[in-house]
Amino acid sequence: MEKTVNKLPDEVAKKYEVLKGRPFKFSYRNFGRIDLNNTTLKQVEALIKHGVQHIVRKQAKG
Amino acid sequence: MAFQDVLWPEGADNMGGLIGDIYFVPMGDVDKAVIPTIDAEGRISTDIMLLDAKKFFAIYETRGTGKIDDTTAGERDGRSKEVMFEFKFPGDTPEIISFARQVQNQPGILIVLDPQGQQRVLGVTVIKNALGTADIASYDMPAYLESDTGTTGLGGDAKGHTMIFKAEALTKALIYLGIIDLDPTPTP
């Protein structure tokens, strides 16, 4: 089993988070294989726009 | 679901076959407590959820060898579908030999991609809910290996393994809008 620790790149992590227990590595239709450890903000927003449901905008603390 | 017009956009792309890898997950690795949603178009519109530390396995497919076939089964008033995914793996690697053994009696789910960018699923179908009023997804008709024929061929011949998976269903292979989980180490 892989021992990697999943972590969103800083620019992505400022705005988005991955739902608990959901994958960082996945395949998705026309996008092919995705690794959220190595994505840009632009790519993540494109994934969300095209229907990926387990990456969500961070809730404001308060 | 009501009848509707079945039209074809003039000049639309319509390339045959399958593209990319084939994805397989044993049915025992699926989180059956979370049933995917079927949308108004009859597509699976939410993710197929897996148990902790489980993932779909990718199998390479020689371009031009992958296809989906379906046929009508049963007699009048009892018709249904038999859906089959077929593809060819080109060589005799330890991985394909191991996969071929493990999958012989293993129910599972397969997902493939067509050249129109649609993911199609074998092993998840729709059934009516208890009231008979709506379609719900069901994991109770999984895909099984139907045939696996391998050959080294003679020199100059095609070599490899041609696998066919089959599932019974009420519909043709459903369109899947969700992600394919490839991550055995999900977010803590």
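Coordinates for the structure precede this section.
Starting afresh in each chain, residues are numbered from 1 along the sequence in its written order. Each chain gets a letter, beginning with A, and each ligand a number, beginning with 1, in the order they are written. For this predicted model, a pLDDT threshold of at least 70 governs which residues receive local features, and a threshold of 80 or more governs which side-chain atom pairs are given and counted, while totals over whole chains, interfaces and linings are taken from all residues. The basis for the side-chain values is all heavy atoms of the structure; hydrogens and waters are excluded.

**A few points about the sheet that holds strand S4 (residues 80–89) of chain B**
Remark on secondary structure: sheet strands pair via backbone hydrogen bonds, oriented parallel or antiparallel. Residue and element names in this part refer to chain B. Paired strands are those between which DSSP finds at least two bridges. Only DSSP runs of H or I reaching four residues or more are called helices, and only runs of E reaching two or more are called strands; each is numbered from the N terminus. A sheet is described by the order of its strands in space; here four strands give the open sequence S3-S4-S10-S9, paired in antiparallel fashion. Sheet topology places strand S3 (67–73) and strand S9 (144–151) at the edges, where each strand pairs with a single neighbour. Sheet twist, expressed as the mean angle between neighbouring strand axes with direction ignored, is 20 degrees. The pairing of S9 with strand S10 (residues 160–169) spans seven bridges and is antiparallel. Across the sheet, Leu145 pairs through a bridge with Phe165, a residue of S10. Those strands touched by helix H1 (residues 94–102) are S4, S9 and S10, and its axis lies near 30 degrees from that of S10. Comment: axis = line fitted to C-alpha atoms, over the contacting stretch for helices; angle = value between 0 and 180 degrees taken between N-to-C directions. Residue contacts are counted whenever heavy atoms from the two residues lie within 4.5 Å of one another.

**Considerations on the sheet that holds strand S1 (residues 19–26) of chain B**
All names here are of chain B. One open sheet accounts for five strands, arranged S2-S1-S5-S6-S11; its pairing is antiparallel. Every other strand in the sheet has two partners, leaving strand S2 (57–59) and strand S11 (174–176) as the edge strands with one partner each. Taken over all neighbouring pairs, the strand axes of this sheet differ in orientation by 35 degrees on average, direction set aside. Bridge count for strand S6 (residues 119–122) against S11 is three bridges, and the pairing is antiparallel. Bridging across to S11, Gln119 finds its partner in Tyr176.

**Examining the interface of chain B and chain A**
With 24 residues of chain B at the interface, the matching set in chain A holds 21 residues. Note: buried area is the sum, over both parts, of the accessible area (probe 1.4 Å) each one loses when the two are combined. With both chains or domains summed, chain B and chain A bury close to 1,900 Å², and 50% of this area falls on carbon and sulfur atoms. A side-chain nitrogen of Lys or Arg and a carboxyl oxygen of Asp or Glu constitute a salt bridge if their distance falls within 4 Å. Arg22 of chain A is paired through a salt bridge with Asp47 of chain B; the nearest N and O atoms lie 3.2 Å apart. Between N or O atoms, a polar contact is any pair within 3.5 Å; within protein, one atom must be a potential hydrogen donor and the other a potential acceptor, and residues adjacent in sequence are included only when both atoms are from side chains. Taken together, the links from chain B to chain A amount to twelve residue pairs in polar contact (both at pLDDT 80 or more). Elements that contribute at least two residues to the side of chain B that touches chain A include exactly S1 and strand S12 (180–181) of chain B. Residue polarity follows a fixed list, in which Ala, Val, Leu, Ile, Met, Phe, Trp, Tyr, Cys and Pro are nonpolar, Asp, Glu, Lys and Arg are charged, and the others, Gly among them, are polar. When grouped by side-chain class, the residues that make up the side of chain B that touches chain A number 13 nonpolar, seven polar and four charged. Pairing of strand S2 (residues 25–28) of chain A with S12 of chain B, which is carried by two bridges, proceeds in the antiparallel orientation. Considered in S12 of chain B, the bridge of Ser27 of chain A is made with Ile180 of chain B.

**Some remarks on the packing of aromatic side chains**
Think of a pair of aromatic rings as described by two things: how far the centres are apart, and how the planes are tilted against each other in angle. All names here are of chain B. What counts as a ring pair is set by centres within 6.5 Å for rings of Phe, Tyr and Trp (its six-membered ring), and what kind of pair is set by the plane angle: stacked under 30 degrees, edge-to-face over 60, tilted for all other angles. Going through the model one piece at a time under the given rule, you end up with five aromatic pairs over all chains. Ring geometry for Tyr60 and Phe89: centres 6.5 Å apart, planes at 85 degrees, overall edge-to-face. Pair noted here: Tyr60 is in the loop between S2 and S3 and Phe89 is in strand S4, with a separation of 29 residues, a long-range link. Working definition: with a 1.4 Å probe on protein chains only, accessible area under 20% of the residue-type maximum means buried, over 50% means exposed, and in between means partly exposed. A residue is classified by how much of its surface remains accessible, and Tyr60, at 43% relative accessible area, is partly exposed. According to the relative accessible area criterion, Phe89 is buried, its value standing at 13%. Every member of this aromatic cluster is reached through a ring pair, and the members are Phe24, Phe87, Phe99 and Phe165.

**Brief notes about the pattern of salt bridges**
Residues and elements named next belong to chain B. For the structure on display, the rule yields eleven salt bridges over all chains. Here Lys67 ties to Asp69 by a salt bridge, and the two come within 3.2 Å at their closest N and O atoms. For Asp69, a relative accessible area of 31% gives the class partly exposed. Residue Glu82 is joined to Lys166 by a salt bridge in which the shortest nitrogen-to-oxygen separation is 3.7 Å. Taken together, the positions of Glu82 in strand S4 and Lys166 in strand S10 put the pair 84 residues apart, joining distant regions of the chain. By relative accessible area, Glu82 is classed as partly exposed at 23%. One network of salt bridges, in which partners are shared, links Glu82, Glu146 and Lys166.

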